[in-house]
Amino acid sequence: MKQSQITLWCHEIIRSQAAEGGFYIDATMGKGNDTLFLCGIAGEAGSVLAFDIQRQALLYTEDLLKSYGMEQRARLILDGHEHMGNYAKDETADVICFNFGYLPGGDHKIATCADTSIAAVEKGLSILKHGGMMSLCIYSGGDTGFEEKEVILSYLRKLPSKKFTVIVNEYWNRENHPPVPAFIFKA
Ligand SMILES: C[S@@+](CC[C@H](N)C(=O)[O-])C[C@H]1O[C@@H](n2cnc3c(N)ncnc32)[C@H](O)[C@@H]1O
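Remember, predicted model here, so these are calculated numbers, not experimental data. (Residues numbered from 1 in each chain as written. Predicted model: local features only at pLDDT ≥ 70, side-chain atom pairs only at ≥ 80, totals over all residues. Heavy atoms only, no water.)

**What about the side chain of His-11?**
Then comes step 1: In this fold, His-11 is placed in helix H1 (residues 6-17).
Then comes step 2: Ignoring any residue separated from it by four or fewer positions in sequence, one finds His-11 in contact with Asn-33, Asp-34 and Phe-37. (Helix = DSSP H or I, 4+ residues; strand = E, 2+ residues; numbered from the N terminus. Contact = heavy atoms within 4.5 Å.)

**A closer look at the site of the ligand**
Then comes step 1: Near the ligand there are 21 residues, and of these Thr-28, Asp-34, Asp-52, Gln-54 and His-81 occur at the shortest range.
Then comes step 2: One nitrogen or oxygen atom from the side chain of Asp-34 is found 2.6 Å from a nitrogen atom belonging to the ligand.
Then comes step 3: In this structure, Gln-54 approaches the ligand through a side-chain N or O atom, which is 2.8 Å from an oxygen atom.
Then comes step 4: For the ligand, the accessible surface in isolation is 610 Å², of which the surrounding protein chains cover 95%.
Then comes step 5: Of the residues in the shell around the ligand, the class split is seven nonpolar, 10 polar and four charged. (Near = heavy atom within 4 Å. Polar contact = N/O pair within 3.5 Å; in protein donor to acceptor, adjacent residues only side chain to side chain. Areas by Shrake-Rupley, 256 points an atom, 1.4 Å probe, with all protein chains shown as cover. Nonpolar A, V, L, I, M, F, W, Y, C, P; charged D, E, K, R; others polar.)

**Description of the nonpolar core**
Then comes step 1: Formed by 29 residues in total, the largest nonpolar core has its most connected members in Ile-25, Phe-98 and Leu-136.
Then comes step 2: Elements supplying a minimum of two residues to this core: strand E1 (23-26), strand E2 (47-52), strand E4 (93-99), helix H4 (114-127), strand E5 (128-138), helix H5 (147-157) and strand E7 (180-186).
Then comes step 3: In terms of residues, this core owes the most to one element, H4, which gives five residues.
Then comes step 4: Discounting chain neighbours no more than four positions away, the residues touching Phe-98 are Ala-27, Thr-28, His-81, Met-84, Ala-120, Val-121, Met-134, Ser-135, Leu-136 and Cys-137.
Then comes step 5: Listed in part, the 23 residues of the second largest apolar core include Tyr-24, Val-48, Leu-64 and Phe-183. (Core = buried A, V, L, I, M, F, W, Y, C linked by side-chain atoms within 4.5 Å. Buried < 20%, exposed > 50% of the residue type's maximum accessible area, 1.4 Å probe, protein only.)

**Things to note about the side chain of Arg-73**
Then comes step 1: Topologically, Arg-73 is positioned in the loop between helix H3 (55-67) and strand E3 (74-78).
Then comes step 2: Side-chain polar atoms of Arg-73 contact the backbone oxygen of Cys-39, separated by 2.9 Å.
Then comes step 3: Of note is the side chain of Arg-73, whose polar atom sits 3.4 Å from the backbone oxygen of Gly-43.
Then comes step 4: Excluding its chain neighbours within four sequence positions, the residues that come into contact with Arg-73 are Cys-39, Gly-40, Gly-43, Glu-44, Gly-46, Ser-47 and Val-48.

**With respect to the packing of H1 against helix H2 (residues 33-42)**
Then comes step 1: Where H1 meets H2, the closest approach of the two axes is 11 Å, and the angle between their N-to-C directions is 20 degrees. As the angle between them shows, H1 and H2 are arranged roughly parallel. Read as a crossing pair, H1 and H2 show a hand that is right-handed. Of the residues in H2, those in contact with His-11, Ile-14 and Arg-15 of H1 are Asn-33, Asp-34, Phe-37, Leu-38 and Ile-41. (Axes fitted to C-alpha atoms, helices over the stretch in contact; angles between N-to-C directions. Parallel < 35°, antiparallel > 145°, perpendicular 65-115°, else oblique. Left-handed = near helix turned anticlockwise from the far one by under 90°.)

Laid out in structure tokens, this is it:
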């Protein structure tokens, strides 16, 4: 059952909410799998903005999108997601996707961190349209540690319930600090 992988689980929830032709943001491009997925949902009429702080991530993602003929649908930005407000206006995005942590196969020390992640989530919530959603894959343990997960989860718990619905899933019987899929729906 491959949908039990966190990224595929998040994709299924996004797919259930998103329509073709929208505006999507991948806040953590990495190897481009989420960018490619969002480009697929966006279709010919939609668009995707994707961020990473590592040039290597842009190169991986560009290659991946080209191999699927989808490079026209995405704008790849070498900048931190905490600056996404410089590239997108408030209340314009249908979906914003975060997959925290480090670039798989890359330097584990170059990873998302609590301060900038919270700044990005907060700005992302302004950029989301009413009716839009944010998906977050949150990791912990090993080189990642626990601070980022704890800071993000406590931030999510304090979001006002009249404006946002937050759903946090849990791998109930998985050992060794399983990842946490979380979703924010903007009223
Ligand atoms: C787990 S990977 C993302 C995986 C990716 N979505 C995929 O489909 O392959 C996390 C990425 O976040 C990037 N990152 C770290 N800090 C960032 C920041 N402030 N803004 C944007 N990206 C950041 C890392 O460079 C890394 O490539």
